[in-house]
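# Chains, contacts and geometry: an overview
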Amino acid sequence: MASASNAAEGVRIAVLGLYNCGSTGIADMLHHLGAFMGPPFWEVSDEDAENNFYEPYTLSWHLRAWWDEPRIVERVPRDVRVDYLRQWAVLQETLAPSRPIGAKHPLLCLCAEDLLEAWGPDTRFLWSWRPLEESIAGLQRRDWFGEDTAAVQRKLWDALQRFDEAHPGRLVKLDWNEAKARPDWAAEQLASFAGIAADRGLLQLAAARLRPQAGGKGLTRRLASVARKAIG
């Protein structure tokens, strides 16, 4: 996975990936490393809590309206999407001026070209990669979209493939299965990618997000005080 050399301030990160591909886990790690992922992303770390959000609410609402989820049909012209994405990024940077900002949502797979225009050529695109059939099977187990599940996943996959082919080297892939197997490595890769000078405490905090069986919420809480000082 490629690393980033620029300072974290001013960095814009797009976390892309299908449903059930690990993008929530990757975005969660970035969040705990100090990236601002858009409110109210991960307001609390209790998965059962009603105020635990996996995407920024306003962006999520617009994406679902733009693409008529789960039909995945374009309903809004591209220039409208680009304008909104541009304004959304500026707002996040106003809210968190000294931190990298990022956004995660499966439907952003359909907006990669929009993001490139809206956020500029320095945008860092990260694909939380998982084999297509695994992502389809995982979503089918959740039964989110019924008989549309496979079609939805393939449309997102195809969109990412087209973007990758059109812009070689721009879309950095992080294998979700490898990240789960090597959480310390994944935390280091993400910090480098985002340009975050993470100390050991921050890296441990991020890696712990992929280790629920080894410490879970208790370990995350113990490390949180370290992270708060580093994040500011």
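So, a few notes on the structure that sits alongside this text. (Residues numbered from 1 in each chain as written. Predicted model: local features only at pLDDT ≥ 70, side-chain atom pairs only at ≥ 80, totals over all residues. Heavy atoms only, no water.)

### Focus on the nonpolar core
Grouped together as the largest cluster of nonpolar side chains are 44 residues, with contacts concentrated most on Leu 16, Trp 119 and Phe 125. Among the secondary structure elements, those contributing two or more residues to this core are strand E1 (12-16), helix H2 (57-67), helix H3 (78-95), strand E2 (101-104), helix H4 (112-119), strand E3 (124-129), helix H5 (132-142) and helix H6 (149-166). Residues within four places of Trp 119 in sequence aside, it is in contact with Arg 12, Ile 13, Ala 14, Leu 85, Arg 86, Trp 88, Ala 89 and Ala 103. Core analysis: the second largest hydrophobic core is formed by 29 residues, Trp 185, Leu 190, Ala 191 and Phe 193 among them. (Core = buried A, V, L, I, M, F, W, Y, C linked by side-chain atoms within 4.5 Å. Buried < 20%, exposed > 50% of the residue type's maximum accessible area, 1.4 Å probe, protein only. Helix = DSSP H or I, 4+ residues; strand = E, 2+ residues; numbered from the N terminus. Contact = heavy atoms within 4.5 Å.)

### Observations regarding the pairing of E3
Within E3, 5 of the 6 residues are buried, which leaves the element mostly enclosed by the surrounding structure. As judged from the 4 bridges shared by E1 and E3, these two strands associate in the parallel manner. The partner of Ala 14 across the bridge, within E3, is Phe 125. Inspection of the sheet shows E3 paired to strand E4 (residues 171-175) by 5 bridges, in the parallel sense. Of the residues in E4, the one forming a bridge with Trp 129 is Asp 175. (Pairing = 2+ DSSP bridges.)

### Here's the deal with the environment of Leu 160
By secondary structure assignment, the location of Leu 160 is in helix H6. With residues up to four places along the chain from it excluded, the contact list for Leu 160 reads Leu 16, Gly 17, Leu 18, Cys 109, Trp 127 and Leu 171.

### Observations regarding the environment of Asp 83
Among the structural elements, Asp 83 can be located in helix H3. On the basis of relative accessibility, which here comes to 35%, the residue Asp 83 falls in the partly exposed class. It is 9.9 Å that separates the C-alpha atoms of Asp 83 and Trp 119, two residues lying 36 residues apart in sequence.

### Re the sheet that holds E3
The strand order E2-E1-E3-E4 describes an open sheet built from 4 strands, whose pairing is parallel. Of all the strands in the sheet, just E2 and E4 have a single pairing partner and so form its edges. Across this sheet, the average inter-strand angle for adjacent strands is 25 degrees, counted without regard to direction. Together, E1, E2, E3 and E4 form the strand contacts of helix H1 (residues 23-33), whose direction differs from that of E1 by roughly 155 degrees. (Axes fitted to C-alpha atoms, helices over the stretch in contact; angles between N-to-C directions.)

### Topic: H1
Since one α-helical turn is 3.6 residues long, residues separated by three or four positions face the same way. Extensive coverage of H1 is indicated by the burial of 9 of its 11 residues. Burial in H1 covers these residues: Ser 23, Gly 25, Ile 26, Ala 27, Asp 28, Met 29, Leu 30, His 32 and Leu 33. Once H1 ends, the next one or two residues include Gly 34, with phi positive near 120 degrees.

Honestly, that's just the spatial picture; any functional story needs more than this.
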